[in-house]
Amino acid sequence: MAKTWVIPDIHGHSKTLKALIEEQIRPSRHDLIFFLGDYIDRGPDSKGVIDFIMKLQKDDYNIRLIRGNHEDYLLRTYDNELVTKSILGFTVHQNKLKQEWYKYGGKDTLKSFQITEVHQIPEIYIAWMRKLEYYIMLDEFILVHAGLNFGLKDPFTDIESMMWIKDFKVDTQKTGSRKVIHGHVPVSLEFIEALIKSNGYNFIDLDNGLYFAEKTGFGNLVALELTSMELKVQLNLDIA
């Protein structure tokens, strides 16, 4: 029977991702794997993460990919870099955006590509990021990177919140009673397990803060199988 897996924030940890896929999930080409975004930044090998996922796609594995706020950071910085720096005010804004991205792991991403400027990233990677989806609706679940803005009549019109929101209360009338599965905000492994096991929650946050390798209860990459609700947990292998 085909399985359906959901994998949250990877943040440039290619060894950990490969171990999770190849040693734990071991997917067949009948399985479906959903990724919740934040493939890049913070970790040592953002390029390697994208290369590995691209290889899965090339090998005809069933992959669907959501855009995270870190991909949004990169694309906004990339697009701003292409605009002529002729207006002083815009140049200041542009530098501010770049420095903000650098602060949250952008320099780690550039280093993985062995470059120093975002516009040097090969176009194939930029095109790949532009094609990432904002959310995916399934029969029983809604998959999104950060969450949804339920303060709006139609939360699916707010793309910004899908990538960036950190606090929301699920309105089940607006989700069609679907449970929201997301990442973006790191939570403990104990809390993730409680969210999965209990029917009292209408959301599941799967981000275990992979880059918090030394923090108790954090530092793992997880994968959730949606039919059995089996949770796979992979220890961080990229940070010694």
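See above for the structure.
What counts and what doesn't
- Residues numbered from 1 in each chain as written.
- Predicted model: local features only at pLDDT ≥ 70, side-chain atom pairs only at ≥ 80, totals over all residues.
- Heavy atoms only, no water.
- Helix = DSSP H or I, 4+ residues; strand = E, 2+ residues; numbered from the N terminus.
- Buried < 20%, exposed > 50% of the residue type's maximum accessible area, 1.4 Å probe, protein only.
- Contact = heavy atoms within 4.5 Å.
- Areas by Shrake-Rupley, 256 points an atom, 1.4 Å probe, with all protein chains shown as cover.
- Expected span 1.5 Å × (residues − 1).
- Pairing = 2+ DSSP bridges.
- Axes fitted to C-alpha atoms, helices over the stretch in contact; angles between N-to-C directions.
- Parallel < 35°, antiparallel > 145°, perpendicular 65-115°, else oblique.
- Left-handed = near helix turned anticlockwise from the far one by under 90°.
- Nonpolar A, V, L, I, M, F, W, Y, C, P; charged D, E, K, R; others polar.
- Polar contact = N/O pair within 3.5 Å; in protein donor to acceptor, adjacent residues only side chain to side chain.

**With respect to the overall build of the protein**
Thinking step 1. What the protein contains, in helices and strands, is eight helices and nine strands.
Thinking step 2. Here the C-alpha coordinates of the protein stretch approximately 55 × 45 × 35 Å along the principal axes.
Thinking step 3. Scored against the burial criterion, the 240 residues of the protein give a buried share of 52%.
Thinking step 4. Put simply, of all contacts in the protein between residues at least 6 apart along the chain, 66% involve residues at least 24 apart.
Thinking step 5. When the accessible surface of the protein is split by element, carbon and sulfur atoms take 50% of a total near 11700 Å².

**As for helix α1 (residues 14-25)**
Thinking step 1. With twelve residues, α1 extends 15 Å from end C-alpha to end C-alpha; this agrees with the ideal 16 Å at 1.5 Å per step.
Thinking step 2. Among the residues of α1, Ser 14, Thr 16, Leu 17, Ala 19, Leu 20, Ile 21 and Ile 25 are the ones counted as buried.
Thinking step 3. Elements that come into contact with the buried residues of α1 comprise β1 (4-7), β2 (32-35), α2 (46-58), β8 (220-225) and β9 (231-235).
Thinking step 4. The first or second residue beyond α1 is Arg 26, which carries a positive phi of 45 degrees.

**Some words on the sheet that holds strand β6 (residues 179-182)**
Thinking step 1. Ordered by their spatial adjacency, four strands build an open sheet running β4-β5-β6-β7, and the pairing between neighbours is mixed. In this open sheet, the two edge strands, each paired with only one partner strand, are β4 (135-137) and β7 (203-205). Within the sheet, the average angular offset between the axes of one strand and its neighbour, ignoring direction, is 15 degrees.
Thinking step 2. Looking at chain direction, β6 and β7 are connected through three bridges and run parallel. Paired with Ile 181 across the bridge in β7 is Ile 204.

**Focus: the packing of helix α3 (residues 69-82) against helix α5 (residues 123-130)**
Thinking step 1. Across the interface, α3 lies against α5 with an axial gap of 10 Å and an inter-helix angle of 125 degrees. Judged on the interaxial angle alone, α5 and α3 are oblique. Relative to α5, the crossing made by α3 is left-handed. Contacts between α3 and α5 involve Glu 71, Leu 74, Leu 75, Tyr 78 and Asp 79 from the first element and Glu 123, Ile 126, Met 129 and Arg 130 from the second.
Thinking step 2. Split into classes, the residues belonging to the contact of α3 with α5 amount to five nonpolar, no polar and four charged.

**Description of the side chain of Asn 220**
Thinking step 1. Tracing the backbone shows Asn 220 in strand β8.
Thinking step 2. For Asn 220, the side chain forms a polar contact with the side chain of Asn 208, separated by 2.9 Å.

**Quick word on α3**
Thinking step 1. Over its 14 residues, α3 runs 20 Å from end to end, which matches the ideal 20 Å to within 8%, given 1.5 Å per residue.
Thinking step 2. Most of α3 sits out of view: eleven of its 14 residues are buried.

**Considerations on the sheet that holds β8**
Thinking step 1. Strand order in the open sheet formed by five strands is β3-β2-β1-β8-β9, and the pairing between neighbours is mixed. The sheet is open, and its two borders are formed by β3 (62-65) and β9, each paired with just one other strand. Direction aside, neighbouring strands of the sheet carry axes that sit 20 degrees apart on average.
Thinking step 2. Examined bridge by bridge, β1 and β8 share two bridges and lie antiparallel to one another. Note on β8: the bridge partner recorded for Val 6 is Leu 224.
Thinking step 3. Running at roughly 135 degrees to β9, α1 makes contact with β1, β2, β8 and β9 of the sheet.

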